[in-house]
Amino acid sequence: MTHLRRELGMLLALLLMCAGLYISNPDFLGQSNIVNTTRQIAMLGIFSIGIAFVIIAGGIDLSVGSIIGLTGVIIARISSHSFDGLGQPFWVGISVALAVALLIGLIQGLLITRLNLQPFIVTLGGMLLLRGISQTIVKGGTIGFGSSRFTELSDRGLLIYRGDPLLPYPVIIFLGVILVATYVLHFTVFGRHVYAIGGNREAAAYSGINVRRVETTTYVISAGLAGVAGVCYAAYIGQMSQQVGIAYELYAIAGAVLGGCSLRGGEGTILGVIIGASVMRVIDNGINMFQFRYRTAEGQNRIWRLDPNWNFIIIGTVILAAVIIDQVAHIMQSRRRSRLAGISTAGTPPEAQSRPQQPVHAAGS
């Protein structure tokens, strides 16, 4: 019930934010802006769900942004028909890129679980290493896809209206990821094990859960979904460089935490991650869309807009707010549990609290 209240609160905040942006700029609910924003939410949501598995299990993954960039770079290097590409079919490039992403997740998961390395250090090293590999592949430049049909993966979709798809393909992929992830996390034994490990790793191990295997699997899921997002971003951007994916992991972590995933582990839902990712992208879009109309003393109409340079200031503030909210929620929950425990103890007669337990004798002894 606590999680539901938090998700409903974030949903209400999202709706109020959208209403405020629409009041300031009616173009916010224009068809082109809605289609583009939902596409952006979908691409962020795909790998936010992946990183949510890791966070709920008590880990962290800082490499997802670099995996997104490397996935696109590999596709461009293998399948682009430019002078830097090999000109292979796109299904070959996509298959190789996704296989590499899964392998990266497996290697990082094994380093964390088998060698007992800190997830922060392993994935931080992976982030820098993969960024360097991407830079080496593109040789510090860019590799474009030209006019290939690969870009249609982002531009086209279903339910065409006024020339734009109301359901772009990234949104359809996102819906598929939501359905599968919801089933896996909330309705399978594996999902219960993920929550158990995040809640208390030692207790989960004592209860017979294969902690190493489950934790490794969460990193494979995170890297795999980052790879899927990388395919969508590559099609959306149309060209790849080592700059693609920088700081994306921060957006994903912020979205997951805003949606109710505790950085301590053991808490979070797929619905919450969807809402959190939506909040992050609406904020990003709102920085460009928000405007305030006013009249000067001379009677001239003016429009004030947010400075685009404030982007990281606002996003950083949101991340700090999400962490503070998470901490305050845990403090309140701890106090509530302590108060309830005190009430329960107060209701027990003193003699029952202090009376030693009498040994139970078997019949006939």
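A separate point is the nonpolar core. With 82 residues, the main nonpolar core has Phe47 and Ile49 as its most contacted residues. A total of twelve residues in this core trace back to one element, the largest contributor, which is helix 2 (residues 31-56).

Before going further, it helps to spend a moment on the layout of surface pockets. Empty space within the largest pocket amounts to approximately 300 Å³. Considering the residues around the largest pocket, the lining is formed by 14 residues, among which Gln40, Tyr233, Tyr248, Arg281 and Asp284 are closest to the centre. Only helix 2, helix 10 (211-237), helix 11 (248-258) and helix 12 (270-289) provide two or more residues apiece to the lining of the largest pocket. Element by element, the count of residues in the lining of the largest pocket is highest for helix 12, at four residues.

Taken together, the side chains of Arg5, Arg336, Arg337 and Arg339 present a region of like positive charge at the surface. A per-element tally of the positive patch places helix 13 (residues 311-346) first, with three residues. Position of Arg337 among the secondary structure elements: in helix 13.

Looking now at the environment of Gly144. Relative to the assigned elements, Gly144 resides in strand 1 (residues 143-144). The sequence separation of Gly144 and Ala321 amounts to 177 residues, and the corresponding C-alpha distance is 38 Å. Apart from the residues within four sequence positions on either side, Gly144 is in contact with Ser80, Ser82, Gly238 and Gln239.

Calculation notes
- Residues numbered from 1 in each chain as written.
- Predicted model: local features only at pLDDT ≥ 70, side-chain atom pairs only at ≥ 80, totals over all residues.
- Heavy atoms only, no water.
- Core = buried A, V, L, I, M, F, W, Y, C linked by side-chain atoms within 4.5 Å.
- Buried < 20%, exposed > 50% of the residue type's maximum accessible area, 1.4 Å probe, protein only.
- Helix = DSSP H or I, 4+ residues; strand = E, 2+ residues; numbered from the N terminus.
- 1 Å grid on protein atoms, 1.4 Å probe; cavity = no way out; pocket = protein on both sides within 12 Å on 5 of 7 lines; lining within 4 Å.
- Points joined across faces, edges and corners; volume = space filled by probe spheres on them.
- Patch = residues over 30% accessible without salt bridge, like charges linked within 9 Å, V, L, I, M, F, W, Y side chains within 5 Å.
- Areas by Shrake-Rupley, 256 points an atom, 1.4 Å probe, with all protein chains shown as cover.
- Salt bridge = Lys/Arg side-chain N within 4 Å of Asp/Glu carboxyl O.
- Lys, Arg positive; Asp, Glu negative; His and termini not counted.
- Charge placed at Lys NZ, Arg CZ, Asp CG, Glu CD.
- Contact = heavy atoms within 4.5 Å.

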